[in-house]
Amino acid sequence: MSAAAARSGEGVDRLFAALADPHRRRVVDILSRGPRPAGELAREVGLAPPAMSRHLRTLRRSGLVEEFHPDFDARVRVYVLRAEAMDELKRWLEETERMWAEQLTAFKAHLEKGAA
């Protein structure tokens, strides 16, 4: 396995680990509709701010979200999805789907050859 493939695999592992939690998946769903302040995310998901902070930290470390501070108040943290992370996940899914399609095609050919 190449170094690039190993790094890609590690990235996908981090994405899946981050998405394994239902609260974090809910945050991703909410952010898919646009950026949100951390406090608003906590209210929408139904978590206390400290718990939301831990989930947002995990999502940031996975690369799924990034934060920024609006000009009007540097204390406010606004979160947004990172499309690049989703692109990496989509590439992995496409590669996996292609591999399974090839395996199933080969299996079908093997079965048809044996039946003939």
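Scroll up to find the structure.
In what follows, the accompanying structure is described. (Residues numbered from 1 in each chain as written. Predicted model: local features only at pLDDT ≥ 70, side-chain atom pairs only at ≥ 80, totals over all residues. Heavy atoms only, no water.)

Structural notes on the sheet that holds strand S1 (residues 36-37)
Reading across from one edge, S1-S3-S2 is the order of the 3 strands in this open sheet, with antiparallel pairing throughout. Looking at strand neighbours, the two that pair on one side only are S1 and strand S2 (65-68), the edges of this open sheet. The pairing of S2 with strand S3 (residues 78-81) spans 4 bridges and is classified as antiparallel. Pairing of phenylalanine 68 across the sheet is with valine 78, part of S3. Packed onto the sheet, helix H4 (residues 49-62) meets S2 and S3 and runs at close to 110° relative to S2. (Pairing = 2+ DSSP bridges. Helix = DSSP H or I, 4+ residues; strand = E, 2+ residues; numbered from the N terminus. Contact = heavy atoms within 4.5 Å. Axes fitted to C-alpha atoms, helices over the stretch in contact; angles between N-to-C directions.)

Here's the deal with the environment of alanine 17
If you trace the backbone, alanine 17 turns up in helix H1 (residues 3-19). Judged by its relative accessible area of 46%, alanine 17 falls in the partly exposed class. Spatially, the C-alpha atoms of alanine 17 and glutamate 40 are 24 Å apart, while their sequence positions differ by 23 residues. (Buried < 20%, exposed > 50% of the residue type's maximum accessible area, 1.4 Å probe, protein only.)

Notes on the packing of helix H2 (residues 22-31) against helix H3 (residues 38-45)
At a minimum axis separation of 10 Å, H2 and H3 run at an interaxial angle of 120°. With respect to each other, H2 and H3 are oriented oblique. As H2 runs across H3, the sense of the crossing is right-handed. From H2, His23, Arg26, Val27, Ile30 and Leu31 reach across to H3, where they touch Leu41, Glu44 and Val45. Residues belonging to the contact of H2 with H3 are distributed by class as follows: 5 nonpolar, 1 polar and 2 charged. (Parallel < 35°, antiparallel > 145°, perpendicular 65-115°, else oblique. Left-handed = near helix turned anticlockwise from the far one by under 90°. Nonpolar A, V, L, I, M, F, W, Y, C, P; charged D, E, K, R; others polar.)

Details of the pattern of salt bridges
Per the stated rule, a full pass over the model turns up 9 salt bridges. The residue arginine 77 makes a salt bridge to glutamate 67 at a minimum N-O spacing of 3.8 Å. Taken together, the residues arginine 77 in the loop between S2 and S3 and glutamate 67 in strand S2 connect sequence positions 10 residues apart. Arginine 77 gets classed as partly exposed once you look at its relative accessible area, which sits at 41%. Given the relative accessible area of 26%, glutamate 67 is considered partly exposed. Residue aspartate 73 pairs with arginine 75 through a salt bridge whose shortest N-O separation is 3.0 Å. The exposure class of aspartate 73 is buried, given its relative accessible area of 18%. By relative accessible area, arginine 75 is classed as exposed at 72%. Through salt bridges with shared partners, one network takes in Arg36, Glu40 and Glu44. (Salt bridge = Lys/Arg side-chain N within 4 Å of Asp/Glu carboxyl O.)

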